[in-house]
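For reference, the chains in residue letters:
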2 protein chains.
Amino acid sequence: MQNDDQQKVLDCPVRSVLADISGKWNTLIIIMLAERPYRFGQLRRHIPDISQRMLTQTLRNLQRCGYVNREVFPTKPPSVEYSLTDLGRSISEPLQALIQWAELHSDAVKTARKNYDMVENRGGGNIR
Amino acid sequence: MQNDDQQKVLDCPVRSVLADISGKWNTLIIIMLAERPYRFGQLRRHIPDISQRMLTQTLRNLQRCGYVNREVFPTKPPSVEYSLTDLGRSISEPLQALIQWAELHSDAVKTARKNYDMVENRGGGNIR
DNA sequence: CTGAATCCTAAAAGATACTG
DNA sequence: CAGTATCTTTTAGGATTCAG
């Protein structure tokens, strides 16, 4: 009975993990930290369009879920370094695969959208 | 210069694809359709907690981006079958990998969250 | 059966100002 | 430098009603 596969998808644990990579910034930050550790300000500079609020919030949540490590260096002024945990490095692999897919196929998606928007314009437009 | 990798991530095309798999239902539906085509009502029944509005909306968007095929059978009453396009099948592979990761590690994430919530309870609790 | 339309609530995200 | 605290805007999503 192939129904099992579907049930897995409906399983809450899976969805809760999916929720982690949802959100505008989660995946992006995991991918960045997969390359090397970053300090707070460095992340901000490399992601120009993130607010410090969202950066803090996203990092906190990733830390909470065990993906990210937060290390405070008691310098003056203080600096905080973020890096991936083992779990974070682990999930970064399927995420990288997804990014690669996106790089390869984003054009196909773009033209698909364009075609759809063009054809589907009966109702607003006038094809007669 | 390893900066290139980061730029790729910041690239808008990639983010736009990532946005497609964000959202509460997109991934779920792609994964389901990866198994076999479904009719509208079948999808509803297999995903008990989706509203028909979100189901319609999600399917429309997936169709628009080229992941999903929509075929209308002029039966009485009409029935509509949704299936993956080649592009949809293609993206379903990295998505499946992600699902598998989630199945394998959701427990680790769960306990990480629990630990964090426990330790971080100074401020609300009283560890003194 | 499929799905469009409207209304409404909740959650995500942005802007800004302030602190150790 | 690395945050926290508010406030406001925007978007996602749910409930309900109606239609081909």
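Shown above is the structure to which this text applies.
Source: prediction; values computed, not measured.

S.K.: With reference to specific residues and values, describe the protein's contact with DNA strand D.
M.R.: The local shell around DNA strand D holds 20 residues, among which Gly41, Arg70 and Tyr82 of chain A together with Lys24 and Arg53 of chain B are the closest. The sugar-phosphate portion of DNA strand D accounts for 64% of its atoms within 4 Å of the protein, the bases making up the rest. Residue Gly41 of chain A places a main-chain N or O atom 2.6 Å away from a phosphate oxygen belonging to DNA strand D. Here a base oxygen of DNA strand D sits 3.3 Å away from a polar atom, N or O, in the side chain of Arg53 of chain A. Put simply, the parts of the chain that give the surface near DNA strand D at least two residues each are α4 (40-46), α5 (52-64) and β3 (79-84) of chain A together with α5 (52-64) of chain B. Ranked by the residues each element gives to the surface near DNA strand D, the list is headed by α5 of chain A, at four residues. Class assignment of the residues belonging to the surface near DNA strand D gives a composition of seven nonpolar, seven polar and six charged.

S.K.: Give a detailed account of the pattern of salt bridges, specifying residues and quantitative values.
M.R.: Side-chain pairs of opposite charge can arise whenever the charged atoms involved come near each other. Per the counting criterion, the structure on display carries eight salt bridges over all chains. We note a salt bridge from Arg113 of chain B to Asp20 of chain A, for which the minimum N-O separation is 3.3 Å. Of this pair, Arg113 of chain B sits in helix α6 (residues 86-119) while Asp20 of chain A sits in helix α2 (residues 12-21), each in a different chain. Given a relative accessible area of 4%, Asp20 of chain A falls into the buried group.

About the criteria used
- Residues numbered from 1 in each chain as written.
- Chains lettered and ligands numbered in written order.
- Predicted model: local features only at pLDDT ≥ 70, side-chain atom pairs only at ≥ 80, totals over all residues.
- Heavy atoms only, no water.
- Near = heavy atom within 4 Å.
- Polar contact = N/O pair within 3.5 Å; in protein donor to acceptor, adjacent residues only side chain to side chain.
- Helix = DSSP H or I, 4+ residues; strand = E, 2+ residues; numbered from the N terminus.
- Nonpolar A, V, L, I, M, F, W, Y, C, P; charged D, E, K, R; others polar.
- Salt bridge = Lys/Arg side-chain N within 4 Å of Asp/Glu carboxyl O.
- Buried < 20%, exposed > 50% of the residue type's maximum accessible area, 1.4 Å probe, protein only.

By themselves, these are just geometric observations and shouldn't be taken as functional.
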